[in-house]
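Coordinate analysis (summary)
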Amino acid sequence: MAKKRALITGITGQDGAYLAKLLLDKGYEVFGAARRASEMNVSKLQDVGAYEGIEYVSLELQEITNIFRAIEKIRPDEIYNLAAQSFVGASFEMPLFTSDVTALGPLRILEAIRQIDRSIKFYQASSSEMYGKVQAVPQNENTPFYPRSPYAVAKLYGHWITVNYRESYDIFACSGILFNHESPLRGLEFVTRKITHSAVRIKEGLQKELCLGNLDAKRDWGYAAEYVEAMWRMLQAPAPADYVVATGQTHSVRDFVDAAFAHLGMELSWSGSGTEEVGTDKASGKVIVRVDPKFFRPSEVDMLLGDNTKARTELNWSPATTFTELVGLMIEHDKKVLAHNGI
Ligand code: NAP
Ligand code: G4F
């Protein structure tokens with residue numbers, strides 16, 4: 001039997017690496033789409049051992065012509081659209097760029113599928129950020145959306161255009177509403193990896209303080225390597241649908257900081273409040289965590305908590321890694337990186 005062919009956009013990102021590895025292990029022919037750059041960042045693909053097995057294709061989501069060319073040439077069975085301007089904070093500074101890539105990017109791919117071959121299955125990387133100012137707790141597939149950033153508004157467009165092309169043109173298109181998922185491959189701009197990377201450096205005396213924004217924000221954090229399995233399962237289901245993928249547990253940024261330092265054998269005491277809050281290392285009496293207003297967002301998502309019942313029952317998917325294990329594996333990775341690179 002011929003191998004299935006999958007095209008993954010955003011191949012250089014966290015999820016791109018884990019999904020590529022998963023599909024290669026399942027015997028797929030994997031085509032990885034990355035935007036042309038002077039040097040493509042392949043470190044995450046190398047970390048998971050997927051770099052060699054992928055055929056690379058140059059693809060910019062803002063440019064419809066190269067999307068058509070890539071799909072015509074590859075004729076994939078499945079397309080996973082993971083590419084996006086994915087950092088919420090940056091979307092306030094780059095709302096137009098974010099909209100073009102993150103909202104219109106999936107439309108361009110769907111339109112290419114519509115015109116080239118409607119049997120191509122499509123996965124859209126939607127986000128729990130779409131719930132924003134949450135209208136119910138926990139959030140499931142029927143919870144109304146209330147986006148709070150240009151990123152979330154753009155993702156909401158991507159979600160609805162996916163639903164619309166499914167309903168209008170009978171395309172097997174799924175929207176995965178994924179809650180935050182982290183890993184050692186997470187970019188340093190996201191709060192979890194910023195914390196683990198800094199905590200290890202502080203422990204080793206290479207950094208004095210970790211400066212953060214809103215410590216009270218709560219997120220449903222899972223392990224990325226497990227979440228890509230849910231993406232694949234959506235495209236193997238008997239019929240296309242939308243699914244929440246989450247752990248069903250929520251923790252604050254402050255909880256994450258505590259867990260990271262606890263894994264390193266350090267305990268913090270917290271004092272002050274709001275922008276004056278600091279975390280002090282109990283053993284040394286030194287302030288090692290400080291709130292800095294520059295990391296606050298113009299509008300915040302206070303709390304996310306997902307209800308994964310549909311994914312559990314219809315896809316037989318469930319998360320395995322706990323919050324404490326996730327923090328631990330990220331810290332252990334950053335310890336290795338530090339020991340290896342010395343920075
Ligand atoms: P990520 O690590 O930030 O990766 C984003 C990818 O998109 C990178 O490969 C990036 O390429 C690519 N990209 C950005 N702009 C592009 C453009 N104009 N044209 C083509 N490619 C472009 O994100 P991730 O954590 O893997 O997340 C994957 C997807 O899931 C994203 O769409 C994200 O918004 C969504 N999502 C993530 C989470 C989460 O918690 N991780 C939760 C819900 C939804 P470069 O290397 O060239 O920058
Ligand atoms: O790690 P974050 O930047 O992730 P955020 O905004 O939740 O977005 C991530 O998850 C979404 C799924 O819900 C994805 F769609 C999206 O692509 C991305 O992967 O921030 C988490 C929380 C926020 O409330 C933020 O205000 O942490 C708070 N925070 C506090 N201090 C900080 C910081 N965030 C960052 N990035 N840096 C800080 O210093």
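Heads up: the structure comes first, above all this text.
Residues numbered from 1 in each chain as written. Chains lettered and ligands numbered in written order. Predicted model: local features only at pLDDT ≥ 70, side-chain atom pairs only at ≥ 80, totals over all residues. Heavy atoms only, no water.

**What to know about the site of ligand 1**
Ligand 1 sits among 24 residues. The nearest are Thr-12, Asp-15, Glu-60, Ser-86 and Tyr-151. Note that an oxygen atom of ligand 1 is positioned 2.6 Å from one of the side-chain N or O atoms of Ser-86. Between Arg-186 and ligand 1, the recorded distance is 3.2 Å, taken from a side-chain N or O atom to a nitrogen atom. Listed by contribution, the elements that provide at least two residues to the shell around ligand 1 are helix 1 (14–25), strand 5 (121–127) and helix 6 (150–169). If one sorts the elements of the shell around ligand 1 by residue count, strand 5 sits on top with 3 residues. Partitioned by chemical class, the residues of the shell around ligand 1 number 10 nonpolar, 9 polar and 5 charged. (Near = heavy atom within 4 Å. Polar contact = N/O pair within 3.5 Å; in protein donor to acceptor, adjacent residues only side chain to side chain. Helix = DSSP H or I, 4+ residues; strand = E, 2+ residues; numbered from the N terminus. Nonpolar A, V, L, I, M, F, W, Y, C, P; charged D, E, K, R; others polar.)

**Quick notes on the sheet that holds strand 13 (residues 268–271)**
Each strand in a sheet pairs with its neighbour through backbone hydrogen bonds, running either in the same direction (parallel) or in the opposite one (antiparallel). Spatially, 4 strands are ordered 8-15-14-13 in an open sheet, and the strand pairing comes out mixed. Lying at the two open borders of the sheet, with one neighbouring strand each, are strand 8 (210–212) and strand 13. Taken over all neighbouring pairs, the strand axes of this sheet differ in orientation by 20° on average, direction set aside. Of the pairings in the sheet, the one linking strand 14 (residues 278–281) to strand 15 (residues 287–291) comprises 3 bridges and is antiparallel in character. Paired with Thr-280 across the two strands is Val-287, which belongs to strand 15. Lying over the sheet, helix 7 (residues 191–203) contacts strand 8 and strand 15, oriented at roughly 160° with respect to strand 8. Each of strand 8, strand 13 and strand 15 is contacted by helix 9 (residues 253–263), which is oriented at about 150° to strand 13, the strand it contacts most. (Pairing = 2+ DSSP bridges. Axes fitted to C-alpha atoms, helices over the stretch in contact; angles between N-to-C directions. Contact = heavy atoms within 4.5 Å.)

**Focus: the nonpolar core**
One finds Ile-8, Leu-19, Leu-23, Tyr-80, Tyr-123 and Phe-261 to be the most contacted residues of the largest nonpolar core, which totals 67 residues. Sort the elements by how many residues they give to this core and helix 8 (residues 224–236) lands first, with 8 residues. Each of domain 1 (5–183 + 221–249 + 305–314) and domain 2 (191–217 + 252–302 + 323–341) gives at least three residues to this core. Not counting residues up to four positions away in its chain, the partners in contact with Leu-23 are Ala-6, Ile-8, Tyr-28, Val-30, Tyr-80 and Trp-232. One finds Val-57, Leu-59, Leu-61 and Phe-122 within the second-largest nonpolar core, a separate group that totals 24 residues. (Core = buried A, V, L, I, M, F, W, Y, C linked by side-chain atoms within 4.5 Å. Buried < 20%, exposed > 50% of the residue type's maximum accessible area, 1.4 Å probe, protein only. Domains from an automatic or database assignment.)

**Overview of the environment of Glu-93**
Relative to the helices and strands, Glu-93 is located in helix 4 (residues 88–93). Taking the C-alpha atoms as reference points, Glu-93 and Pro-150, 57 residues apart in sequence, are found 9.2 Å from one another.

**Focus: the site of ligand 2**
Taken together, 23 residues surround ligand 2, and among them Ser-127, Ser-128, Tyr-151, Arg-297 and Glu-300 come closest. Between ligand 2 and Ser-86, the relevant distance is 2.6 Å, taken from an oxygen atom to a main-chain nitrogen or oxygen of the residue. Contact distances for ligand 2 include 2.9 Å between a nitrogen atom and a backbone N or O atom of Glu-189. Taken together, the residues of the shell around ligand 2 sort by class into 10 nonpolar, 6 polar and 7 charged. Summarising the domain contributions, the shell around ligand 2 has at least three residues from each of domain 1 (5–183 + 221–249 + 305–314) and domain 2 (191–217 + 252–302 + 323–341).

**A closer look at the sheet that holds strand 2 (residues 29–34)**
Taking strand neighbours across the sheet as the criterion, the 7 strands line up as 3-2-1-4-5-6-11 in an open arrangement whose pairing is parallel. Because the sheet does not close on itself, it has two edges, and the strands there are strand 3 (55–58) and strand 11 (243–245). The average angle at which neighbouring strand axes cross in this sheet is 25°, direction not considered. Where strand 4 (residues 78–81) meets strand 5, 4 bridges bridge the pair, whose relative direction is parallel. In the strand pairing of strand 5, Asn-81 is matched with Gln-124.

**Some words on the pattern of salt bridges**
Within the structure shown, the criterion is met by 17 salt bridges. With a closest N to O distance of 2.8 Å, Arg-254 and Asp-216 form a salt bridge. You can see Arg-254 sitting in helix 9 and its partner Asp-216 sitting in the loop between strand 8 and strand 9 (218–219), a full 38 residues away along the chain. The class for Asp-216 is partly exposed, based on a relative accessible area of 49%. Its salt-bridge partner being Arg-254, residue Glu-277 comes within 3.0 Å of it at the nearest N-O pair. Remark: Arg-254 occurs in helix 9 and Glu-277 occurs in the loop between strand 13 and strand 14; sequence separation between them is 23 residues. Assigned by exposure class, Glu-277 and Arg-254 land together as buried. Here the residues in one salt-bridge network are Glu-129, Arg-219 and Glu-300, joined through shared partners. (Salt bridge = Lys/Arg side-chain N within 4 Å of Asp/Glu carboxyl O.)

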